[in-house]
Every structure is written in C-alpha cells, then in structure tokens.
Amino acid sequence: MPRPAIDLFHETFGTTPRAVASAPGRVNLIGEHTDYNGGPVLPIAIPARTTAAVGPGAAGDSGVLDAVSTRDWKVVRVKWQEDLPRSWAAYLAGVLRELWALDAVGTDGAVRVAIASDVPVGAGLASSAALAVAAAKALAPALPARQLAGVAFRAEYYHVGVRCGVMDQTIAALGKRDHALLFECASLEATQIPFGARLLLVDTGTRHDLSTAGGGLNARRAECEEAVKRLKVELPELLWLASWPAEWLLRLKRALPEPLRSRAVHVVSETARARFAAQLLAQRKLKQFGGLLYESHESCRRLYDCSSPELDTVVGAAKRAGALGARLTGAGWGGAAIVLVNKTDKKTVPAIQRAFERAYGRPAPITEVRASAGAHAERI
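Predicted model only: the values in this text are computed from it and were never measured.

1. Remarks on the overall build of the protein
Phase 1: Of the regular secondary structure elements, the protein holds 11 helices and 13 strands.
Phase 2: In terms of overall size, the protein behaves like a compact globule, its C-alpha atoms giving a radius of gyration of 21 Å where 380 residues would be expected to give roughly 21 Å.
Phase 3: Across its three principal directions, the C-alpha atoms of the protein cover 65 × 55 × 40 Å.
Phase 4: Scored against the burial criterion, the 380 residues of the protein give a buried share of 59%.
Phase 5: By sequence separation, contacts in the protein at least 24 residues apart represent 70% of the contacts at least 6 residues apart.
Phase 6: Distance between charge centres in the protein, computed from 47 positive and 37 negative side chains, equals 6 Å.

Here you go:
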C-alpha cells in the first residue's frame, strides 16, 4: 500500500509527493549465483513491496537529495553528485546518478524521497533491488521496464559496489502475477512461465550484508572471474563461466585448483539445473522440479559454500517431512529458504518449526508466497 510512504513524505517535507511507485522483493526458485556468471535464473516477484514517494527539493538546494525511510525516520541529506552516503540512501544516490546520465532528472537535481517497505532487509529477498527499482520508477515513470532494471542494476553495481548480477532488478521490474521469469543473464532473453504451486518462505532470522567489500558475494564473484581467466587457456572464446559446456566438467576439474574448481562446478551444474527446472515447471512436473531444488541447495552448501546452519536445518527438516523441494534463496549466508509443498500438505510447516526451535530456541517465521506483479506507479 502506498499510504505509509505518502504520509511519511507529507509529515517530513510538509507537502504532497509528485509521484509514487512501488516494486516487489523476489525469491529465486533456482539458478543461484548464475546471474553474474552469465547463466539462467528463475525468480518470482513476491507480494512484499517497497514504495517510493518523490518530489522536488527546496528552492536553492541544487543537487541535494533529502531521503527518509520508515525504518528509522531520520532524514539523510546528501549532495548526490559528489558524495555517496554510508547508508541505504546510497542506492538512491546511485539511481539519481544513472537517471541524470539519461537526462531523466530535473535540471537542478534537487530531490526529496520517502521510502516505506515491508521487504525484510538482509533476508535474501532483494530489498535493495526493490528500493532502487521503486525509486527509479517514481523518479522516471516513463522509462520502460527494461531501462528501469538497468538503472537500478548500475546504481547497485557501480555506485554502491555490490558485485551483483541483473536478476534482482529485472524481476522487480518485469515480474508478472502467477508467473516465474526464466531470465538468461547473458543474452537478456526473458520468458514468462506460469507458476501456481504452493510455496513457503522460511525466514531464518539471520541477516547478510552484500554491500560490504569483504562480503561473501564479492569474494565469490572474484573467484568466478579468476576461474574464467584460467579456463580461457582451454577455451579461448569463453566469456561467461556459465557458458562452459556441461559435458566438459571433467576437463574443467583438471584445469582448476580449489576453491575455483568447486565454484565453477557449481555454476556450470546450476546452469543446467535451472534450464531443466524451467522446462519441468512449464510442464507442471512439480515433483521432479522439487528434486532439482534439493540438488541446488546441496550444491550451494557443498561447492559454493554459501549456505548456513540455519538454512541447512530448514531444508533438512522439509525433506524429512516429505516436501517436494527446498533450498536457500537469495545468495545465502543467512536469510531465507523456500519450500515447495503439495496443496494438501499439513506436515511440513510444523516439522520445520519443531526442528528450528529445537536447534536455535526460537521460531522461524513461515509464510506462503505467490508470484506477484512487478514495479508500477501508485495513486497519490
């Protein structure tokens, strides 16, 4: 609902916003760490959304961003063309810089922004992409969805410094109700696939921060780039790690030392899994699809080393309870897991809760999620 952002804008700045837009969080069904390696991903947009209310800044405040959020109610004031704040407002500054390059920001660059969101931060649900896409949509409502995704990606990658891929911003912009999006990150080809299965989202309560330079995501990306450099000796035309032929896995293993070998095996195998999973989903073969989710999680845990004890507890409990499939979602190192269940399943939720409380002494919030719509303008 746009009302909290609109009310916050009015209370903070004493006026009505000029435009309001929202964008969703996402869960990735399968295709983990393939996006920045040029492979396929299969995300859905979720009902949780971030809303941005925007308006012009005060007279004489040329190049100034004033931003406020319902998370802390504190106004961040920054000259966005010169400085990058060490806070969530860095994403807004990055969006403004990218829109400025497209001549899509007012001539004086004075902007006020109010943010409200129910997308949890650090839970692996792409809260940063929801923020950036919502802000871009509110600031430049005429931009096509693909361009919005590009603006938000470049803001996060080049300005904030997160070595992410393009998946999160793309699903936030292109999401379609009751559909998953098969997105090929190298070719940018996108295919909507009907998705009406029963999906549980389990929040482990552990959080990650992908914006830190020493974070796991940036380290893994560096390892993958090093693997590509070494593999070019074997295949000079190789541009993306995901493009390495799956039938050449033995050759890859011989060419790479650890940990590059494990990282590369995960990416190449996950690429094949994601494309096969999309075919199974289109054919509504949910049991086989769920089996690939379990395989994906094990690869993330064992080869890519991006799981966590809490995530492993959820996936293990789901499997013992007979769930169709389960895996971490959203990079890993904490955050959330998804669990695919039958429509009539009544065992999996209590089984996960029992296992999690026994291991950690606290509950793990579980909600059902369905594929939702992407970014759109909101009424004021």
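From this point, the discussion proceeds with the structure in view.
2. Concerning the pattern of salt bridges
Phase 1: Under the criterion given, the structure shown has 21 salt bridges.
Phase 2: Where glutamate 225 meets arginine 163, a salt bridge forms, and the shortest distance between an N and an O atom there is 2.8 Å. Within this pair, whereas glutamate 225 is found in helix α6 (residues 216-231), its partner arginine 163 is found in the loop between α4 (145-160) and α5 (167-174), the two being separated by 62 residues in sequence.
Phase 3: Taking the relative accessible area as the measure of exposure, glutamate 225 reaches 34% and is therefore partly exposed.
Phase 4: Measuring nitrogen to oxygen at the nearest pair gives 3.9 Å for the salt bridge that ties glutamate 270 to arginine 327. Remark: arginine 327 occurs in strand β10 (residues 325-329) and glutamate 270 occurs in helix α8 (residues 260-282); sequence separation between them is 57 residues.
Phase 5: Accessibility expressed as a relative area gives 0% for glutamate 270, which makes it buried.

3. Focus on the nonpolar core
Phase 1: One finds Leu65, Leu241, Leu252, Val339 and Ile352 to be the most contacted residues of the largest nonpolar core, which totals 92 residues.
Phase 2: Of the residues forming this core, the biggest block, 8 residues, is contributed by α4.
Phase 3: Apart from residues lying up to four places away in sequence, leucine 252 is in contact with Leu231, Trp244, Arg261, Ala264, Val265 and Val268.
Phase 4: Counting 32 residues, the second largest nonpolar core, distinct from the first, contains Ile46, Ala48, Ile193 and Ala336.

4. Digging into the packing of aromatic side chains
Phase 1: Scanning the entire structure with this criterion turns up 6 aromatic pairs.
Phase 2: Consider the rings of tyrosine 157 and tyrosine 158, whose centres lie 4.8 Å apart with planes at 75°: the pair is edge-to-face.
Phase 3: One aromatic cluster in this structure is built from Phe153, Tyr157 and Tyr158.
Phase 4: A cation over a ring is seen here: arginine 220 above tyrosine 304, with NZ or CZ 5.9 Å from the ring centre.
Phase 5: For lysine 319, the ring lying beneath its charged end belongs to tyrosine 294, and the centroid distance is 5.0 Å.

5. Things to note about the packing of α4 against α5
Phase 1: Two elements in contact, α4 and α5, have axes whose closest approach is 8 Å; the angle formed by their N-to-C orientations is 150°. Considered as vectors, α4 and α5 are oriented roughly antiparallel to each other. The way α4 lies across α5 gives a crossing that is right-handed. For the pair α4 and α5, the contacting residues are Ala145, Arg146, Ala149, Ala152, Phe153 and Glu156 in the first and Gln169, Thr170, Ala173 and Leu174 in the second.
Phase 2: Within the contact of α4 with α5, the residues separate by chemical class into 6 nonpolar, 2 polar and 2 charged.

6. With respect to the sheet that holds strand β9 (residues 198-203)
Phase 1: One open sheet accounts for 4 strands, arranged β10-β11-β9-β12; its pairing is antiparallel. Looking at which strands have only one partner, the edges of the open sheet turn out to be β10 and β12 (366-369). The average angle at which neighbouring strand axes cross in this sheet is 25°, direction not considered.
Phase 2: In the sheet, β9 pairs with β12 via 4 bridges, with the strands oriented antiparallel. Across the sheet, the residue bridging to leucine 199 is valine 369, located in β12.

7. Structural notes on the sheet that holds strand β3 (residues 43-56)
Phase 1: Taken in spatial order, the 6 strands line up as β5-β4-β6-β3-β1-β13 in an open sheet, and their pairing is mixed. Of all strands in the sheet, those with a lone pairing partner are β5 (76-79) and β13 (376-377), marking the two edges.
Phase 2: Here strand β1 (residues 19-28) runs beside β13; their pairing, made up of 2 bridges, is antiparallel. From the neighbouring strand, serine 22 faces β13, where its bridge partner is histidine 376.
Phase 3: Across the sheet, helix α2 (residues 89-101) lies against β4 (64-69), β5 and β6 (111-117), angled at about 140° from β4, the strand it touches most.

What counts as what
Residues numbered from 1 in each chain as written. Predicted model: local features only at pLDDT ≥ 70, side-chain atom pairs only at ≥ 80, totals over all residues. Heavy atoms only, no water. Helix = DSSP H or I, 4+ residues; strand = E, 2+ residues; numbered from the N terminus. Rg over C-alpha atoms; globule rule 2.2 N^0.38 Å. Buried < 20%, exposed > 50% of the residue type's maximum accessible area, 1.4 Å probe, protein only. Contact = heavy atoms within 4.5 Å. Lys, Arg positive; Asp, Glu negative; His and termini not counted. Charge placed at Lys NZ, Arg CZ, Asp CG, Glu CD. Salt bridge = Lys/Arg side-chain N within 4 Å of Asp/Glu carboxyl O. Core = buried A, V, L, I, M, F, W, Y, C linked by side-chain atoms within 4.5 Å. Phe/Tyr/Trp six-rings, centres within 6.5 Å; stacked < 30°, edge-to-face > 60°. Lys NZ or Arg CZ within 6 Å of the ring centre and 35° of its normal. Axes fitted to C-alpha atoms, helices over the stretch in contact; angles between N-to-C directions. Parallel < 35°, antiparallel > 145°, perpendicular 65-115°, else oblique. Left-handed = near helix turned anticlockwise from the far one by under 90°. Nonpolar A, V, L, I, M, F, W, Y, C, P; charged D, E, K, R; others polar. Pairing = 2+ DSSP bridges.

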